[in-house]
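# Analysis of the macromolecular model
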Amino acid sequence: MEIRRKEDETAANPLCAKWCVAMVKSEPDAWEPLDPESAVVHQAQPSVLDQKEVLPNPETPHDYDIGNYVDCRHSISDEIKYKLLTQPWTPHPSYEFPVYKDSENTSRKFNYSWLINYPFVSYSEKCAGVFCRVCVLFAPIQVGGQKLSTLVSQPCKNWQKVTTKLKNHTTKKFHEAACLEAQIFSECYEKTYKILIHTLDEERCAQVEENRKKLAPIIETVVFAGKNGLPLGGKDNGELDKNGESKSESIFQSLLHLHCQAGNVTLHEHLLNEPQNAIYSSETIQREIIEASNIIVRSKLVCEINESGFFAVFLDDETTVISNVEQMSVCVRYVKEDPVTVCEVFLGFLPVYNLTGTSLAKALLDFLRECSLDLTKLRGQGYDGATRVAGHINSIQAHIKSDFPKAAYSHCASHALNLTIAKSCTIHGIETTLGILNEAIEYFEESAKRMKYLSDAINAMCPKSRHKRLQSVCVTRWVERHDSIMVFAELFDAIIAALEAMQTDGDKAVRNKANFYYKSVCDFEFIISLTVAEFLLGITLPLSKELQRVNADIVECFDQVKLAVEVLEGKRSNSNAEFAEIFNIAQSLAIKHDIEVKLPQLAARQQHRCNVPCDSVEDYFRINTYIPFLDFMIQELAQRFTLHSNTVTDLGILIPLFSCRYPSEKLSRVLEMYGEDLPDSGNMVLEEFQLWKLKWQGKEENEVPSTAIDSLTDCDKGWFPNIHILLRILCTLPVSAAPEKRSFSTLHRIKTWLRSAVDEERLNGLAMLYINSHIKITVSEVLDELSRRSRLDFILLL
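Once a new chain begins, its residue numbering starts again from 1 and follows that chain's sequence as written. Given that this is a predicted model, residues contribute local features only at a pLDDT of at least 70 and side-chain atom pairs are listed and counted only at 80 or more, while totals for whole chains, interfaces and linings are drawn from all residues. Side-chain metrics in this entry use all non-hydrogen atoms of the structure; hydrogen atoms and water are not considered.

It is worth spelling out the overall build of the chain at this point. Strands here mean DSSP runs of E at least two residues long; helices mean DSSP runs of H or I at least four residues long; both are numbered from the N terminus. Summing up its helical and strand segments, the chain has 32 helices and 12 strands in all. For the chain, the residues scored as buried account for 49% of the 798 residues in total. Two residues form a contact once any of their heavy atoms are found within 4.5 Å. Residue pairs at least 24 apart in sequence account for 69% of intrachain contacts in the chain once pairs closer than 6 positions are excluded. Using the Shrake-Rupley algorithm and a 1.4 Å probe, accessible areas are obtained, with residue cover drawn only from the displayed protein chains. A total accessible area of about 39200 Å² is found for the chain, and carbon and sulfur atoms account for 51% of it. Only protein chains enter the accessibility calculation, which uses a 1.4 Å probe; a residue whose area is less than 20% of its type maximum is buried, one above 50% is exposed, and one in between is partly exposed.

Printed below as a string of structure tokens:
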């Protein structure tokens, strides 16, 4: 009966029937609007028309709601108009239409069968009514001086006798004219479109391929320079010399000419034949390529981070670059699986102008959101101990933890160790010795002439030493502070020989300074303090290196700290025998250079140094130098690593080597904090933990994992899903802020005095390429990104 009624209605209007048949015979390339089985149910969402008068090309079927185009049909492109005719948005048969109450207070709803019976009708979810889409697109605005309203400029929402209204609409002359115009438009569009697309596709493909070949070597050059830290500019960064004969061309231009000399015919012809403003080698193009590379590298890193599940953020205290701008380095730590790998990656430099904790926290969170990181997966923060970043009230970590309570803060372990050593070195003899050591190193390094004296002395006095120069104390690399002391002690004989030779130099200033440093280092108090520092800092040197490893975990590092404390406590309890060995070495060195072994000058009422009565020189330096240095190191290590101890006490129970030492109830605090991250409830996690402990019972100690990373590697995700997640969080917790220190070293290499005008976008792009040079970037990826940026008048994409 429905079919018969449809035939009768379409027969009343031959033009409408003909147009409906044409639309049914057309082959839409995206979806079938009039087929109930393939229609899609769409949720309501704001239309683009609410913001702009002219619509962009729709990207989803729901954008083809006819109600979106009622007031802007004259600005619709032919492509969209054709889509609206052949593929309008159509609700699913199960779609819940809104209820309408008529004048008699009777509830009525739209009947889906009306869409099938009247093919020219389209339902608009936006307007909650129906339109004649043919008239909306092709009918005139006014007929006989009256504006067309229902079904044309206004939706039909009154479902009472709606079939009669639709029948009457098909008899209107303006509807018949609109159907005829729609049929002509569709036939012309389909025929012209096929011919043009076939012709243009071949030409566009050839042009795209040619343009990509031209830009490929230019992109390769920029990426190569960025990954190797090469400056793109030079003496002459202006117009490119097409013949490559200029003697003052930039590095970028030289690399392009090197490409041509290597046989790149396409690039050579492009540079030779194209006008100067069309060879795409200017600073603007370089900037575009650097920014595109930055986006590609960062997107790949962010994708890895989000896929890993959890991550921690590192933020080092800001530094001021040559351009007098404060910069903060943002790095992220996360864990990749298959195989288990801990990654610490650089995401960018963040310029800051307000250094309060609130402003820094806001800047950091805005930057992470801009990178599209899922902040709900933030599980750790790693900073140094400055108040603005680590304070309990108004700091970065406090503000972030208030928004994301699971983002546990841990003090940078390397920074804590550095503070421990710095505090311990405030002992009078040690502090004076290290001050003289730093000044002596700087004195040699300031002059090539003095370095020649030292080099000759090293070759003569220490020919077997692998060190051929003194090592200065680095501000950012903590390991080199240990190394500088040990190298100075190893080359002590050569240093004295060089200072003796310099005392006969013809320059009076050189003689005076050399005499001063000679007397300073040829003092027994300097020698014994240097020897004590060398021996005791040798214990913390392996710890300092371990804390800066990328794959270090917080449990393993805390064990190393406890081991170092135990060694120092053993030396403290046996201080007489331990110091006797150190004193003998220092005494032998003093006798070798005819240095008198004696007590320092003492006064009856001494205030600024220890004045403990002693019977011998050995007892004096043991009581006043060796024991205080030991006590300071033990006390500072125990105090500054307390926060790490609390973290390890909670999550360290998951390590099989330690799990047997604690009851299962120890997990209660862990479950309170990370329970929402686990797939199972608390009781099931406790049972799973019992199975985890049973797995390792009875095995040899060398077979049981002792670190978080080894435990995660040996944890089967299928058998222990909750333990696996907790171990991933444990491996994610930050240990050291060493990546930030390394990024600052890169920052000072990129932004030199000759490149002080580099802006933030270019600086971040070059730093991203250089620091994350392991991330592969293909020419195709850069070209695709450039084509999406739409700032280049260059056809790069099909």
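Continuing now.
Let us now look at the packing of aromatic side chains. We call Phe, Tyr and Trp rings a pair once their centres come within 6.5 Å, taking the six-membered ring for Trp, and we label the pair stacked below 30 degrees between planes, edge-to-face above 60, and tilted otherwise. This structure, assessed with the given rule, holds 24 aromatic pairs. Ring centres of Phe 110 and Trp 114 lie 5.1 Å apart, and the angle between their planes is 85°; on these two criteria the pair is classed as edge-to-face. Neither Phe 110 nor Trp 114 differs from the other in exposure class; each is buried. Between the aromatic rings of Phe 524 and Phe 621, the centroid separation amounts to 5.7 Å while the plane-to-plane angle is 70°, which identifies the pairing as edge-to-face. Pair noted here: Phe 524 is in helix α20 (residues 524–547) and Phe 621 is in helix α23 (residues 617–640), with a separation of 97 residues, a long-range link. With relative accessibility at 1%, the residue Phe 621 sits in the buried group. Here a set of aromatic residues connected by ring pairs shows up, and it is made of Trp 89, Tyr 95, Phe 97, Phe 110, Trp 114, Tyr 123 and Trp 159. We call a charge positioned over a ring when the NZ of a Lys or the CZ of an Arg lies within 6 Å of the ring centre and within 35 degrees of the ring normal. Note that Lys 81 overlies the ring of Phe 185, its terminal NZ or CZ placed 5.8 Å from the centroid.

With that out of the way, let us pick up the pattern of salt bridges. Salt bridges are defined by distance alone: a side-chain nitrogen of Lys or Arg within 4 Å of a carboxyl oxygen of Asp or Glu. Here the structure, examined in full by the defined rule, presents 25 salt bridges. Linking Lys 109 and Glu 96 is a salt bridge whose minimum nitrogen-to-oxygen distance equals 3.7 Å. Placement of the pair is Lys 109 in the loop between β2 (107–108) and α4 (113–117) and Glu 96 in the loop between α3 (78–86) and β1 (100–101), with a sequence separation of 13 residues. When its relative accessible area of 42% is taken as the criterion, Lys 109 is described as partly exposed. Judged by relative accessible area, which is 63%, Glu 96 ranks as exposed. Ionic pairing is found between Lys 571 and Glu 578, a salt bridge with its closest N-O pair at 3.1 Å. Three or more residues are tied together by salt bridges with common partners; here these are Arg 379, Lys 406, Glu 676 and Asp 677.

The next thing to look at is the pairing of strand β10 (residues 341–352). Counted residue by residue, β10 has 10 buried out of 12 residues, so it is predominantly covered. One ladder, built from 11 bridges, connects strand β9 (residues 326–336) with β10; its direction is antiparallel. Bridge pairing links Gln 327 to Pro 351 in β10. Following DSSP output, two strands are said to pair if at least two bridges run between them. Counted along the chain from β9 to the antiparallel partner β10, the turn is four residues long, and its residue Asp 338 has a positive phi close to 60°.

On the secondary structure map, His 175 appears in helix α7 (residues 173–227). A residue is classified by how much of its surface remains accessible, and His 175, at 0% relative accessible area, is buried. A sequence separation of 39 residues divides His 175 from Val 136, and the C-alpha atoms of the two residues are 9.9 Å apart.

Another aspect to go through is helix α21 (residues 554–573). Any helix carries an expected span of 1.5 Å times its number of residues minus one. Given a rise of 1.5 Å per residue, 20 residues ought to cover 28 Å, and the 29 Å separating the end C-alpha atoms of α21 matches this to within 8%. Looking only at α21, the buried set comprises Ile 554, Val 555, Glu 556, Cys 557, Phe 558, Val 561, Ala 564, Val 565, Leu 568 and Lys 571.

A contiguous nonpolar surface patch, about 230 Å² in accessible area, is contributed by Phe 224, Leu 230 and Ile 251. Within the secondary structure, Leu 230 is located in the loop between α7 and α8 (251–261). Looking at Leu 230, the relative accessible area reads 31%, which means it is partly exposed. Candidate patch residues must exceed 30% relative accessible area and have no salt bridge, after which like charges are joined if within 9 Å and Val, Leu, Ile, Met, Phe, Trp or Tyr side chains if within 5 Å.

Here the focus is the packing of helix α11 (residues 357–370) against helix α13 (residues 396–403). Helix-helix packing is described using two parameters, namely the angle between the two axes and the distance between the axes. Each axis is a line fitted through C-alpha atoms, and for a helix only the stretch in contact is used; angles between axes span 0 to 180 degrees, taken between their N-to-C directions. At their nearest, the axes of α11 and α13 sit 8 Å apart, and the two run at 55° to each other. With respect to α13, the axis of α11 lies oblique. Along this stretch, α11 crosses α13, giving a crossing that reads as right-handed. On α13, the residues touching Gly 357, Thr 358, Leu 360, Ala 361, Leu 364 and Leu 365 of α11 are Ile 396, His 399, Ile 400 and Asp 403. As a working rule, the residues Ala, Val, Leu, Ile, Met, Phe, Trp, Tyr, Cys and Pro are called nonpolar, Asp, Glu, Lys and Arg charged, and the rest polar, with Gly in that last group. Within the contact of α11 with α13, the residues separate by chemical class into six nonpolar, three polar and one charged. Roughly parallel means an angle under 35 degrees; roughly antiparallel means over 145; roughly perpendicular covers 65 to 115; every other angle is labelled oblique. Crossing handedness is read from the near helix: turned anticlockwise from the far helix by less than a right angle, it gives a left-handed crossing, and turned clockwise, a right-handed one.

The subject of this paragraph is the confidence of the model for the chain. As a per-residue quantity, pLDDT reports the predictor's confidence and falls between 0 and 100. Put simply, the chain has an average pLDDT of 79, and 81% of its residues get 70 or more. Residue range residues 1–12 is modelled with pLDDT below 50. Its contacts to residues more than four positions away, or to other chains, number nine contacts. Here residues 21–59 is a poorly scored stretch, pLDDT under 50, and it has 69 contacts once near neighbours within four places are set aside; other chains count.

Residue Leu 151 is not a glycine yet carries a positive backbone phi of 75°. Examined against the element boundaries, Leu 151 turns out to sit in the loop between β6 (146–147) and α6 (162–170). Judged by relative accessible area, which is 4%, Leu 151 ranks as buried. Notably, Ser 372 is not glycine yet its phi reads approximately 70°, a positive angle. Along the chain, Ser 372 turns up in the loop between α11 and β11 (378–383).

A two-sided burial pattern is seen for strand β4 (residues 129–132), the buried positions comprising Gly 129 and Phe 131 on one face and Val 130 and Cys 132 on the other. Summarising the sheet, strand β3 (residues 121–124) and β4 pair through four bridges and their orientation is antiparallel. Looking across to β4, one finds that Ser 122 is bridged to Phe 131. What sits between the antiparallel neighbours β3 and β4 is a turn of four residues, in which Ala 128 has the positive phi angle 55°.

Before going further, it helps to spend a moment on the environment of Val 352. Assignment of secondary structure puts Val 352 in strand β10. Judged by its relative accessible area of 5%, Val 352 falls in the buried class. Linking Val 352 and Gln 327, residues 25 residues apart in sequence, is a C-alpha distance of 6.1 Å.

The geometry of α21 relative to α23 is characterised by a closest axis approach of 10 Å and an angle of 150° between their N-to-C directions. Classed by the angle they form, the pair α21 and α23 counts as roughly antiparallel. Crossing geometry of α21 relative to α23 is assigned as left-handed. Residue-level contacts link Val 565, Leu 568, Glu 569, Lys 571 and Arg 572 of α21 to Tyr 626, Ile 627, Leu 630, Asp 631, Met 633, Ile 634 and Leu 637 of α23. Its residues assigned to classes, the contact of α21 with α23 comprises eight nonpolar, no polar and four charged.

This next bit is on the side chain of Arg 622. Locating Arg 622 in the fold gives a position in helix α23. Definition of a polar contact: a pair of N or O atoms within 3.5 Å, with one able to donate and the other able to accept a hydrogen when the atoms are protein atoms, and with sequence-neighbouring residues admitted only if both atoms are side-chain atoms. Looking at Arg 622, its side chain comes within polar contact range of the side chain of Asn 576, at 3.0 Å. Contacts of Arg 622, omitting those with residues within four sequence positions, involve Ser 575, Asn 576, Phe 579, Ile 627 and Pro 628.

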